[in-house]
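The lines below spell out each chain.
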Amino acid sequence: MTKKILILGANGFIGHHLSRRILDTTTWEVHAMDIAQDRLSEQLSHPRFHFFKGDIRLEQAWIDAHIQLCDIILPLVAIATPATYISDPLSVFELDFEANLPIVRATVKHGKRLVFPSTSEVYGMSTDEEFNPETTQLVYGPVTKSRWIYACSKQLMDRVICAYGQQHGLRFTLFRPFNWIGQGQDSLAAAHEGSSRVVTKFLYAILHGQPITLVDGGAQHRSFTCITDGVEALMRILADTSGLADGKIYNIGNPHNDVSVAELANRMVAIAAEYPALRESAAKVHFQALPGTDVYGSGYEDPRRRIPNIAAAKTDLSWSPEVGLDAALRSIFTAYDACA
Ligand code: UDP
């Protein structure tokens with residue numbers, strides 16, 4: 001059945017991959033908004049892609065009209081870079097929570113289905129071996145540690161959305177990405193100014209033969225997930241007509257790609273050496289361990305480990321991640337190599 005999907009933040013990392021996949025593999029219509037369009041060149045010429053350049057904070061009328069028009073609403077506009085949680089925590093609250101709340105409310109008002117990005121960050125510093133949406137306690141540091149404003153903003157929105165489900169019958173699905181990585185995650189300019197996430201920062205260091213910073217020595221772990229696997233899970237959520245995904249929270253991550261940040265750095269340097277154009281700069285890279293509070297500021301704290309329990313996504317969506325860490329990293333280097 002043809003669906004109409006509204007993607008707010010379509011030019012973002014998830015939005016541009018997802019919109020391309022929808023256009024390539026379905027007959028669905030995509031209505032999209034973003035403040036930028038540099039990653040949407042393929043989509044913009046597609047007859048089923050309808051784009052409006054605008055800011056979600058200023059375009060309530062357009063958003064309201066398009067929520068009425070569409071079947072499923074995906075509000076993907078958010079700041080999700082830890083450096084910003086420390087340097088500008090208010091902007092995180094204002095965009096991720098305040099600016100998204102009217103969109104959630106309009107979705108309730110018009111009786112549409114909401115697919116909303118929560119985050120693996122909501123689990124905070126839980127010491128559970130695996131993070132489970134049903135059982136894991138959410139653990140954050142003191143209020144002076146502004147690192148947690150993103151987790152708190154997202155957690156509160158998760159609770160508001162669940163409450164709208166309970167009290168107003170909102171049909172919703174929450175998904176929690178676990179360190180999704182891939183081509184087009186952050187710009188290298190963001191890496192240059194220090195505001196990108198770890199893989200882009202390491203890529204930048206490797207391209208420029210600069211030191212790789214291992215925050216607090218790099219012993220902390222993450223489960224890195226290839227964007228193609230993440231988008232596949234989203235496609236299954238969007239395609240669900242059984243109602244099975246309604247009211248559910250899905251961890252979308254790859255527990256087999258659990259590595260320390262130091263291991264990630266070593267693998268990236270080794271993979272870079274496979275590319276003749278990168279061999280020389282990769283050979284110059286060395287590692288420097290720095291305290292997290294020196295790198296990010298005094299508001300920094302960090303989860304030690306973050307492994308998803310993906311049983312719900314496996315059962316309900318028949319989904320499992322398929323791309324190993326090295327293959328995911330190679331796709332990033334290959335994309336860079338093709339543009340260089
Ligand atoms: N990190 C690092 N060096 C960097 C950037 C990040 O060691 O140059 C670490 C960071 O401290 C964190 C992990 O890499 O433990 C992942 O950081 P990212 O910013 O990608 O996102 P997070 O998973 O913390 O949300």
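For the protein, the name recorded in an unreviewed UniProt entry is Bifunctional UDP-4-keto-pentose/UDP-xylose synthase, with Pseudoduganella rivuli as its organism.

Below, the discussion takes up the packing of aromatic side chains. Enumeration over the complete set of coordinates arrives at ten aromatic pairs. Their ring planes at 15° and their centres at 4.6 Å tell us that Tyr85 and Tyr150 sit as a pair that is stacked. Here the residue Tyr85 occupies a position in helix α4 (residues 82-87), and Tyr150 occupies one in helix α7 (residues 149-168), the gap between them amounting to 65 residues. Overall, the relative accessible area of 2% leaves Tyr85 in the buried class. Overall, Tyr150 belongs to the buried group, its relative accessible area being 6%. Ring geometry for Tyr296 and Tyr300: centres 4.2 Å apart, planes at 15°, overall stacked.

The strand order β3-β2-β1-β4-β5-β6-β11 describes an open sheet built from seven strands, whose pairing is parallel. Each of the sheet's edge strands pairs with one partner strand only, and the pair in question is β3 (49-53) and β11 (248-252). Ignoring which end each strand starts from, the neighbouring axes of this sheet average 15° apart. Here strand β6 (residues 171-177) runs beside β11; their pairing, made up of five bridges, is parallel. Bridging from a neighbouring strand, Leu174 pairs with Ile249 of β11. This element, helix α1 (residues 13-25), spans β1 (4-8), β2 (29-34), β3, β4 (72-75) and β6 of the sheet and lies at about 160° to β1.

This paragraph deals with the packing of helix α9 (residues 198-207) against helix α15 (residues 325-339). Contact geometry of α9 with α15 gives a least axis separation of 12 Å together with a crossing angle of 50°. Judged by the inter-axis angle, α9 sits oblique to α15. As for the relative orientation of α9 and α15, their crossing is right-handed in sense. Counting all contacts with α9, which are made through Val199, Leu203, Ile206 and Leu207, the residues of α15 involved are Leu329, Ile332, Phe333 and Tyr336. Classifying every residue of the contact of α9 with α15 by side-chain character gives eight nonpolar, no polar and no charged.

Rules used throughout
Residues numbered from 1 in each chain as written. Predicted model: local features only at pLDDT ≥ 70, side-chain atom pairs only at ≥ 80, totals over all residues. Heavy atoms only, no water. Phe/Tyr/Trp six-rings, centres within 6.5 Å; stacked < 30°, edge-to-face > 60°. Helix = DSSP H or I, 4+ residues; strand = E, 2+ residues; numbered from the N terminus. Buried < 20%, exposed > 50% of the residue type's maximum accessible area, 1.4 Å probe, protein only. Pairing = 2+ DSSP bridges. Axes fitted to C-alpha atoms, helices over the stretch in contact; angles between N-to-C directions. Contact = heavy atoms within 4.5 Å. Parallel < 35°, antiparallel > 145°, perpendicular 65-115°, else oblique. Left-handed = near helix turned anticlockwise from the far one by under 90°. Nonpolar A, V, L, I, M, F, W, Y, C, P; charged D, E, K, R; others polar.

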